[in-house]
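Residues per chain are reported as follows:
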Amino acid sequence: MSALIDTYGRNHRNLRVSLTDRCSLRCTYCMPHDFAAWIPNDDLLTTDELITIIDVAVSQGIDEVRLTGGEPLLRPDIVEIVARIASMKNAPRLTLTTNGLRLKELAEPLAKAGLNRINVSLDTLSRERFKTLTYRDRFNDVIEGLLAGKAAGLFPVKVNTVLLQGINDDEAPALLAWAIENEYSLRFIEQMPLDAGGIWDRSTMVSADQIYADLSAHYTLTPVDGRGSAPAEEFYINGTQNTVGIIGSVTRPFCGACDRLRLTSDGQLRSCLFSIEEVDVRSVLRDANKDDAAKRSEIAARFQKTVLGKLPGHGINDPSFIAPPRPMSAIGG
Ligand code: SAM
Ligand code: SF4
């Protein structure tokens, strides 16, 4: 089958798969805390459906799959999903982004099932601030989850941090000191307008420049060459091999090198986090008039359609920008 190359020559090798829109936290920048527009259970892809779509994607050149959500570890079949992807012919590199709450019990089974690496999200070192940011008192569970990830050999454990003005914007240097001490690889992500019209405000967003300046006041940062399609700009810290990443999605877009596609938990393909349009693959899988070969071929065609509809950039900085109606938790981060 053909590679997933768009009209701007970008070859798509990375598929982000949202396993659920449900979550055990309510991070203010990701979904409104009283959000209730959950995807109906019947619309969520089954394990078999997910595996078929991922297998078709792999046959079209996808070589990295990141499982995400919502909170992917809420899926009861998470270990089975990992094991089945890891045992595919031409198995992709397999990573997972999680809030860490269930890692204490799942890190080891996931590593044994073939997971290659994890990203854990943590925005603060303060239990009180964690509660303010997530509407849940679960800070200690994340810390225990991180330790379990490391113990299970999912190394290096990456930590994703979003800074919010007036809540945790003073924590960048302390978070980096903590990450170095605990051998976590830290990346700061600029807050994006993906909270379904909630709290995002360009004028109060903590920018990549501000994060860089705050870190530079305490550390010597030297750029790492060769970013490729990676969203993070990486820096060596104090002349060591330790690095920190800054993802300037809004102020320093990297769309020109983007190689990512997304599959939502209800079976919609998206060419971008900010896509307004989606391409349905769930209905193909549930079409009683098609045999397996016809379904695979139609899914492959819909991947091509998704890629060919991809815009050159996310457009956040265009005056005509419209944020997607789904929050990040339902798209898959
Ligand atoms: N629940 C998992 C977690 O929190 O890691 C996976 C899904 S979450 C949507 C994936 C990543 O997206 C997290 O690191 C989170 O911090 C980030 N994220 C969510 N909303 C965001 C926003 N509006 N801007 C930037 N990053 C965001
Ligand atoms: Fe849940 Fe992750 Fe969104 Fe936080 S960032 S609400 S943990 S999906």
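So, here's what we can say about the structure. (Residues numbered from 1 in each chain as written. Chains lettered and ligands numbered in written order. Predicted model: local features only at pLDDT ≥ 70, side-chain atom pairs only at ≥ 80, totals over all residues. Heavy atoms only, no water.)

**Details of the pattern of salt bridges**
Where charged atoms from two side chains of opposite charge come close, those side chains can pair.
Part 1 of the argument: The tally for this structure, following the rule as stated, stands at 25 salt bridges.
Part 2 of the argument: Among the ionic pairs, Asp-6 bridges to Arg-10, the shortest N-O distance being 2.6 Å.
Part 3 of the argument: Given a relative accessible area of 5%, Asp-6 falls into the buried group.
Part 4 of the argument: On the basis of relative accessibility, which here comes to 6%, the residue Arg-10 falls in the buried class.
Part 5 of the argument: Residues joined in a network through salt bridges with shared partners are Asp-266, Arg-270, Glu-278 and Arg-326. (Salt bridge = Lys/Arg side-chain N within 4 Å of Asp/Glu carboxyl O. Buried < 20%, exposed > 50% of the residue type's maximum accessible area, 1.4 Å probe, protein only.)

**Here's the deal with the nonpolar core**
Part 1 of the argument: Within the largest apolar cluster, 96 residues are counted, with the highest numbers of intra-cluster contacts made by Leu-67 and Phe-303.
Part 2 of the argument: Examining the composition of this core, we find that seven residues originate from one element, helix 1 (residues 47-59), more than from any other. (Core = buried A, V, L, I, M, F, W, Y, C linked by side-chain atoms within 4.5 Å. Helix = DSSP H or I, 4+ residues; strand = E, 2+ residues; numbered from the N terminus.)

**So, the site of ligand 1**
Part 1 of the argument: Of all residues adjacent to ligand 1, which total 19 residues, the nearest are Tyr-29, Gly-70, Glu-71, Ser-121 and Met-192.
Part 2 of the argument: Contact between ligand 1 and Ser-121: an oxygen atom at 2.6 Å from a side-chain N or O atom of the residue.
Part 3 of the argument: Elements that contribute at least two residues to the shell around ligand 1 include exactly strand 3 (93-98) and strand 5 (158-162). (Near = heavy atom within 4 Å. Polar contact = N/O pair within 3.5 Å; in protein donor to acceptor, adjacent residues only side chain to side chain.)

No statement about biological role is implied by the geometric values presented.
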